[in-house]
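# Structural characterization, general
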Amino acid sequence: MIPALQRVARSVLVLLVVMTLTFAIFYLAPIDPALQMCGKPCSPEDLEAARGFMGFDQPWFVQLGTFLVAIFTGRTFGSAEVAVQCAAPCLGYSFQLHQSVTELIVDRFPVTFSIALGAVALQALFGIAAGALAARRQGGILDRTVTGVSVVAASAPAFVVGLLAVVVFALQLDLLPSGGYEPFTESPLQWARHLVLPWITLAFLNGAVYARLVRSSMIEQLGLDYARTARAAGLPERRIDRYALRNLALPLTTLIALDIGALLGGSVITERIFGLPGLGALLLDATSTADLPVIVGTTLVGSLLIVLANLCADLARPLLDRRLAATGRRTSALSDPTDPTDPDSLADPVDPTEASSPVDPTEASSPVDPTHRTTPSDPKAPTPQETSS
């Protein structure tokens, strides 16, 4: 329980650091959102009034504190009849789009979530399968094909693969739409048809990492002693493969969590190529128009999703490997080193003082009590006189 709380505390600290750096970077950047709100012509008095209305006339650390408080309490920009209300959780207000950043993110998140869900499933499924087959047939045609394709996929730019997929499957073969988005609640079939090409593009690019990781790790696992022993004992190769893949659960879980967090944060290029209105497209549009509140809010949400994905992976690792859970128990003050169910307790070194004197020397010189042989209850026992004779 205590290690889990420590991980949660570290995640909150990471978010605070990311938020502080984001505010500091964009405060130092030559961007003045009030200048676009002021319009043309804009006198110095009007520009200063616009900065005060938007809250950009304060130092960056004051803006950061106001931003943090507004997440829990909401915020009001301006006063009197022209006041703009931003309800909690308020991540800022876009004066260019006349909408709160929270509402913009909520509207775009289902698109990004749909992309991330299908892409991670495809790339994990095909990447792990390709890597396992390549490891089993090391040096063969399949192994060389998987290795070559993974190298090409890992080095190919996302916009090249995306545009190639649009030209082949949408323009030439006319099998799938080239872009756009259909909500799942309106038509599940159209929802899937519009997302197949983005899924394939992301799965092709990111699945190469899974294939290379699984191939190299499985080759190493299949050469270990336990695999050779299992093979000598007559276990089927398919069962040995399952043991090897089970040992790869930890690195694969971490990799999947990182990919989920990164994709939920927004696949900027992929969403732009296929015309998907997700978080990546929102961030790209805000950057081109210098919409600072949207940039800060989207960056913070993306960081939050990545941190949450890593936190879930950290919390799931002890469930996948009991040795990690046992290590966590031993590092806590509540652990019991004599617990027989703790695997680490079995690995404790033996006390050399105990090993040097396992038995009392006085007892060792007389291991058997001779009086036991002359107990009166045994009528057949010989007397001392009979023994001496």
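What follows is about the overall build of the protein chain. The number of helices and strands found in the protein chain is 18 helices and four strands. The burial tally for the protein chain puts 33% of its 389 residues in the buried class. Long-range pairs, those at least 24 residues apart, make up 61% of the contacts in the protein chain with a sequence separation of at least 6. Counting every atom, the protein chain has about 22,800 Å² of accessible surface; 66% of that belongs to carbon and sulfur.

The next thing to look at is the state of the cysteines. Cysteine pairs can be linked by a disulfide, which is a covalent bond between their two sulfur atoms. Scanning the entire structure with this criterion turns up one disulfide. Linked covalently through their sulfurs, Cys-86 and Cys-90 form a disulfide whose S-S length is 2.1 Å. Across the disulfide from Cys-86 to Cys-90, rotation about the S-S bond amounts to roughly 110 degrees, and the bridge is consequently right-handed.

Here we come to the nonpolar core. Among the nonpolar cores identified, the biggest contains 37 residues, and Phe-67, Leu-91 and Ile-105 are the most heavily contacted of them. Taken together, the elements giving at least two residues each to this core come down to helix H1 (2–28), helix H4 (60–73), helix H5 (101–136), helix H7 (158–172), helix H8 (188–222), helix H11 (249–264), helix H13 (279–288) and helix H14 (292–320). A per-element tally of this core places H5 first, with eight residues. Apart from the residues lying within four places of it in its own chain, the contact partners of Ile-105 are Leu-91, Leu-279, Leu-282, Gly-297, Thr-298 and Val-301. Counting residues in hydrophobic clusters, the runner-up holds 14 residues, among them Val-214, Ala-230, Leu-248 and Leu-255.

The next subject is a positive patch on the surface. Residues Arg-238, Arg-239, Arg-242 and Arg-246 make up a contiguous surface patch of positive charge. With respect to the secondary-structure elements, Arg-242 resides in helix H10 (residues 237–247). Taking the relative accessible area as the measure of exposure, Arg-242 reaches 48% and is therefore partly exposed.

Quick look at the packing of H5 against H13 now. At a minimum axis separation of 7 Å, H5 and H13 run at an interaxial angle of 130 degrees. When the axes of H5 and H13 are compared, the pair comes out oblique. Residues Leu-104, Ile-105, Arg-108, Phe-109 and Thr-112 of H5 form the contact with H13, whose participating residues are Leu-279, Gly-280, Ala-281 and Leu-282. Partitioning the contact of H5 with H13 into residue classes produces six nonpolar, two polar and one charged.

Here H11 is 16 residues long and its end C-alpha atoms lie 22 Å apart, about the 22 Å a rise of 1.5 Å per residue gives. Buried within H11 we find Leu-250, Leu-252, Leu-255, Ala-257, Asp-259, Gly-261, Leu-263 and Leu-264.

This model, assessed by the stated rule, comprises eight aromatic pairs. Aromatic pair Phe-184 and Trp-191: ring centres 5.0 Å apart, planes at 80 degrees, arrangement edge-to-face. Of the residues examined, Trp-191 reaches a relative accessible area of 14% and is grouped as buried.

As a further point, take the pattern of salt bridges. What the rule picks out here adds up to seven salt bridges. Close ionic contact of Arg-51 with Glu-48 constitutes a salt bridge, the shortest N to O distance being 3.7 Å. Of this pair, Arg-51 and Glu-48 both sit in helix H3 (residues 44–54), three residues apart, roughly one helical turn. We classify Arg-51 as partly exposed; its relative accessible area is 26%. A salt bridge links Arg-136 to Glu-237, with the nearest nitrogen and oxygen atoms 2.9 Å apart. One end of the pair, Arg-136, is in helix H5; the other, Glu-237, is in helix H10, and 101 residues separate them in sequence. Where salt bridges share partners, they join Arg-136, Arg-231, Glu-237 and Asp-241 into one cluster.

It is worth spelling out the confidence of the model for the protein chain at this point. Should the pLDDT be low somewhere, the predicted coordinates at that spot are not to be read in detail. Residues at a pLDDT of 70 or more form 81% of the protein chain, whose mean pLDDT is 79. When the criterion is pLDDT under 50, residues 332–389 qualifies, and its contacts beyond four places in sequence or with other chains add up to 22 contacts.

About the criteria used
- Residues numbered from 1 in each chain as written.
- Predicted model: local features only at pLDDT ≥ 70, side-chain atom pairs only at ≥ 80, totals over all residues.
- Heavy atoms only, no water.
- Helix = DSSP H or I, 4+ residues; strand = E, 2+ residues; numbered from the N terminus.
- Buried < 20%, exposed > 50% of the residue type's maximum accessible area, 1.4 Å probe, protein only.
- Contact = heavy atoms within 4.5 Å.
- Areas by Shrake-Rupley, 256 points an atom, 1.4 Å probe, with all protein chains shown as cover.
- Disulfide = S-S within 2.5 Å.
- Core = buried A, V, L, I, M, F, W, Y, C linked by side-chain atoms within 4.5 Å.
- Patch = residues over 30% accessible without salt bridge, like charges linked within 9 Å, V, L, I, M, F, W, Y side chains within 5 Å.
- Salt bridge = Lys/Arg side-chain N within 4 Å of Asp/Glu carboxyl O.
- Lys, Arg positive; Asp, Glu negative; His and termini not counted.
- Charge placed at Lys NZ, Arg CZ, Asp CG, Glu CD.
- Axes fitted to C-alpha atoms, helices over the stretch in contact; angles between N-to-C directions.
- Parallel < 35°, antiparallel > 145°, perpendicular 65-115°, else oblique.
- Nonpolar A, V, L, I, M, F, W, Y, C, P; charged D, E, K, R; others polar.
- Expected span 1.5 Å × (residues − 1).
- Phe/Tyr/Trp six-rings, centres within 6.5 Å; stacked < 30°, edge-to-face > 60°.
- pLDDT = per-residue confidence, 0-100.

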